[in-house]
Amino acid sequence: MPTGWRFIAQDALTEDILDWQVPFALSSNPKRDLSGPGAMAGTIEPEYARMLGPTGDPILQEWATKLYLEVDGAIRWGGVVTKTAYDGAQATVNCEGFSTYPHGIPFEDYIISGKKITPKDPYAGKDKNHDGYIDGSNPKRKVPKPPKSYGGPRIDVYDAFRKIWAHVQGKPNGDIGLVIDSHDKGELLGTADGEDPWELAWWDAPDCGQTLDTLVNQFMFDWVETHAWKDSTSNTITHRLRLGTPRLGRKRTDLRFAQGENITAIAKPEGMGEDYANEVIVLGRGEGQKMKRIQVADLSSRGWSQGRRLRRVATVTDKTLSSTDALRKRASKELAGRTAALQIPAIQIIDHPNARFGSWSLGDDIRVQVHVPWVGDVDVWHRIISDEISADGFITLTLKRSDSFHY
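Definitions and cut-offs
Residues numbered from 1 in each chain as written. Predicted model: local features only at pLDDT ≥ 70, side-chain atom pairs only at ≥ 80, totals over all residues. Heavy atoms only, no water. Pairing = 2+ DSSP bridges. Helix = DSSP H or I, 4+ residues; strand = E, 2+ residues; numbered from the N terminus. Axes fitted to C-alpha atoms, helices over the stretch in contact; angles between N-to-C directions. Buried < 20%, exposed > 50% of the residue type's maximum accessible area, 1.4 Å probe, protein only. Salt bridge = Lys/Arg side-chain N within 4 Å of Asp/Glu carboxyl O. Core = buried A, V, L, I, M, F, W, Y, C linked by side-chain atoms within 4.5 Å. Contact = heavy atoms within 4.5 Å.

S.K.: Looking at this structure, how should I read the sheet that holds strand β19 (residues 313–317)?
M.R.: Each strand in a sheet pairs with another by means of backbone hydrogen bonds, the pair being arranged parallel or else antiparallel. With respect to topology, three strands assemble into an open sheet ordered β18-β17-β19, the strand pairing being mixed. The two strands at the open ends of the sheet, each matched to only one other strand, are β18 (293–297) and β19. Going from strand to strand, the sheet's axes swing by 15° on average, the running direction of each strand aside. Note that strand β17 (residues 279–283) and β18 share five bridges and pair antiparallel. Following the sheet pairing, Glu279 is matched in β18 by Ala297.

What follows is the structure, given as structure tokens:
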């Protein structure tokens, strides 16, 4: 294990420290993901007496133990043990970030935003002879039109996100300890007229994790989980789920990533290939001719020769979408992701004055300067969507072109 590294085991519910120096050998490097839980895996061999609890069972138990990587006094990765296996004296341990926890847990409550409300008609049934006048009125009075329906109270997208997390963590033995940011996104669920309410109902057996993912994909925002010591004098580790407004990260003009300086290797450059499209059709809720539909295009997209490309169309179906605004946002996001040119999917870097270890955040935009055979010098802004720490002193950043995002 590198100097300054240690793995710390903690009880998942009480958060009591179980071991300060877990003899953990990495088989899969600790990886953090933007809007994802990340993962880490490793082994312990041989059997250590201190890694066994009072009953003789291993202290690293599935869904019972949290495991952290601390580097030079800072928590760089945190997660929960999700799978264990044993082969002779070797124990294999797989971990995922806290945010994996809602997956597989059913939502057992009811939320509705923008419910259609139809006021009671005070004149209903008072025209029994159907002559258009109020029965028994003298002089005769015409029956007024019934009151119009309207949309009920609506909640912010982030409020729905928090309500689902609160539901998960509010159950007995369900509090994994994540504190969700309290600000709003500024976008309300459902429609103001009540014609298309947003609803999450227990009788539809929704999965909490899948619903959270759908909110992120449909309303396009970022989140990232972080773990840190509460202060320098306690053994308390805090857990936060940061929400973007709508995105996280910023353009890092203060950092430099260049081949021959701090970039030691690059993944094979890639274009969109079969996924390329300069026109997108999104099909939403409904069937047949009543199906919601929108179409967006960017036929100015250019190839390497700077000439225009042939028209290519991608069709996406998402039955959760019904409003024109939601369909257009999904189409714009899809189009942005399919028209981007060459990108560097990953770079391997070293700790360097250009960009010190930990100086960036997930979601940041960084300028990547590399040389690519057949293409030449590439100088393109990319966004960091994950980072991976290795014990040999290298860091791998997974990237996506900045212009492939649409918020």
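S.K.: Explain unusual backbone geometry to me, please; I cannot follow it from the model alone.
M.R.: Excluding glycine, residues mostly have negative phi values, and the peptide bonds linking residues are mostly trans. Residues Glu45 and Pro46 are joined by a peptide bond in cis, for which omega reads 0°. Tracing the backbone shows Pro46 in the loop between β4 (36–44) and β5 (65–71). At the junction of Thr245 and Pro246, the peptide bond is cis and its omega measures out at -5° in the coordinates. Following the sequence through the fold, Pro246 ends up in the loop between β14 (237–243) and β15 (257–258). Despite not being glycine, Glu15 has its phi angle at roughly 60°, a positive value. Mapped onto the secondary structure, Glu15 falls in the loop between β1 (5–11) and β2 (17–19). Taking the relative accessible area as the measure of exposure, Glu15 reaches 23% and is therefore partly exposed. A positive phi angle is found at Asp72, which is not glycine, with a value near 50°.

S.K.: Looking at this model, I keep getting lost on the pattern of salt bridges. Mind explaining?
M.R.: Pairing is possible between side chains that carry opposite charge, provided their charged atoms lie close to one another. Taken as a whole, this structure holds 23 salt bridges when the rule is applied. Arg383 is the partner of Asp222 in a salt bridge, and the nearest nitrogen-oxygen pair spans 2.4 Å. Of the two residues, Asp222 sits in the loop between α2 (208–219) and β13 (223–229) while Arg383 sits in strand β22 (residues 376–389), which places them 161 residues apart along the sequence. Residue class for Asp222 comes out buried when judged on its relative accessible area of 3%.

S.K.: Hey, could you run me through the nonpolar core in this one?
M.R.: Side chains of nonpolar character tend, in soluble globular proteins, to be buried together. Counting 32 residues, the largest nonpolar core has Phe161, Trp165, Leu189, Leu215, Phe221, Leu241 and Leu243 as its most contacted members. The set of elements that each furnish at least two residues to this core consists of α1 (157–169), β12 (198–201), α2, β13 and β14. Residue contributions to this core peak at seven residues, all from α1. Look past the residues within four positions of Leu215 in its chain and what remains in contact with it is Ala160, Phe161, Ile164, Leu189, Trp198, Met220 and Phe221. Val224, Phe257, Leu362 and Val368 belong to the second largest nonpolar core, which has 23 residues in total.

Spatial relationships are all this shows, so hold off on functional conclusions.
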